[in-house]
Amino acid sequence: MSYLANNYNRRKISFKSGKGSFLYSSKGIKYLDFIQGIAVNSLGHSNPYLNKALSYQSKKVWHVSNAFEIPEGEKLAKRLSKNSFAQHVIFQNSGAEATEVAIKVARKYFYTKKKFDKNRILCIKNSFHGRTLAAIHASGSKKMTEGFGPKIPGFDHFIFGNHESLKKSITKKTAAVMVEPIMGEGGVKVIPKWCLKGLRKICDEKNILLICDEVQSGVGRSGKLFAFEHSGIRPDIVPIAKGIGGGFPLGAVLMNKKVSIGMTPGSHGSTFGGNPLAMSIGNAVLDKVLKKNFLKGVQKISNYFLRELKKIKKEYPELIKEVRGVGLLIGIQLYEDQTKFIQNLEKNRLLVTKAAENVIRILPPLNVKKSEVDLSIKIIKKVCKQYK
Ligand SMILES: *Cc1c(COP(=O)(O)O)cnc(C)c1O
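So, here is what we can say about the structure in this document. (Residues numbered from 1 in each chain as written. Predicted model: local features only at pLDDT ≥ 70, side-chain atom pairs only at ≥ 80, totals over all residues. Heavy atoms only, no water.)

**What about the sheet that holds strand β3 (residues 30-33)?**
What links the strands of a sheet is backbone hydrogen bonding, and the strands pair in either a parallel or an antiparallel sense. Judged by pairing direction, the sheet is mixed, and its 4 strands sit side by side in the order β1-β2-β3-β15 without closing on themselves. The sheet terminates laterally at β1 (15-19) and β15 (350-351), the two strands that pair on one side only. Examined bridge by bridge, β1 and strand β2 (residues 22-25) share 4 bridges and lie antiparallel to one another. Bridging from a neighbouring strand, Phe15 pairs with Ser25 of β2. (Pairing = 2+ DSSP bridges. Helix = DSSP H or I, 4+ residues; strand = E, 2+ residues; numbered from the N terminus.)

**Quick look at the packing of aromatic side chains**
Centre distance and the angle of the planes are the two values used to describe a pair of aromatic rings. The full count for this structure, using the stated rule, is 7 aromatic pairs. Aromatic pair Phe85 and Phe228: ring centres 5.7 Å apart, planes at 75 degrees, arrangement edge-to-face. Taken as a pair, Phe85 in the loop between α3 (71-82) and β4 (88-92) and Phe228 in the loop between β10 (209-212) and β11 (237-240) lie far apart in primary sequence, 143 residues in all. The buried category is assigned to Phe228, whose relative accessible area is 4%. (Phe/Tyr/Trp six-rings, centres within 6.5 Å; stacked < 30°, edge-to-face > 60°. Buried < 20%, exposed > 50% of the residue type's maximum accessible area, 1.4 Å probe, protein only.)

**A look at the site of the ligand**
In the vicinity of the ligand, the residues found are Ser94, Gly95, Ala96, Phe128, His129, Gly130, Glu180, Asp213, Val215, Gln216 and Lys242. Note that an oxygen atom of the ligand is positioned 2.8 Å from one of the backbone N or O atoms of Gly95. Here Gln216 contributes a side-chain N or O atom positioned 2.8 Å from an oxygen atom of the ligand. (Near = heavy atom within 4 Å. Polar contact = N/O pair within 3.5 Å; in protein donor to acceptor, adjacent residues only side chain to side chain.)

Taken by themselves, the reported measurements are silent on function.
The structure is reproduced here in structure tokens:
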């Protein structure tokens, strides 16, 4: 029996070490890891540069309270801002915390403006914003909220891709629209550029804030630093998390100057959020991701990967419904349940994960090598052959 609660459906593998794109199981099997902790290990396992940053900072100071200045955090906040739309950042430890703070910032902004009724958050039905009480109700998913009542008020929902549903859901009380530019858990569904542009326009017209949840799509995953850049818009608030810590728990909320006015001393806090150890690692991740040509490299390998996967789709039109994604957030949608297919990939030493709507989600590290992509293609082809 396990002393861990049963809230995860765990695969029966454990790992003793990892290096770059590979994981080594306790039974000595080498796996090509295209999950990377679900888009967390942006620079792969045991990255020497991150190891060095962690080790260096661990010998100086791990943690001090936010009652003091934290220069490593000042530096990271400045770099995130200078490379985006933002002027201010609040650090947290996880994605759900970051999306909750995004909601707090939006509500407090309108409160400060004395628009006391403007506090509702409009989200896509069955999106994913984390597992805290507010975040599950933001997602509007029956599966995630069932049994966790009473319902947290203040959230409305519209249907993905349905303009009428969006228009109908907006009221005078809508404070913010929160969307994932690329819905990760939801099945690697990409909001088209013109839709995000249109959404920005509607928000501007109706004095509504736009929150782009980039917990999964941010920090280079899409081939740009942030996925919203693909559509040329500027959101007001952007929560990030997964990729920014490279495997260390770290979340952040980026915001523009206008909306930050409500976040006065005492309005929000976090014991661990933004401690020197986390900040140093975040800075080390950015050292690599912001390096000249790094993101171009992500785009290049992404184009290659998608092209190869689309070739496989052509060969197996009855098995594969669609290949889609942006950057290295890639989905293969099957016509049937994908569980068995993923198990077969695992038997062939390739680790990938699920997303909604029969999607196989592929999340290599951002510095993945072409030879590793080729290896994954070979394995995927081999598994496809079993379905002929
Ligand atoms: C993973 C994820 C979250 C939640 O992050 P946690 O660190 O698990 O709390 C929120 N939003 C999106 C888009 C995510 O992919």
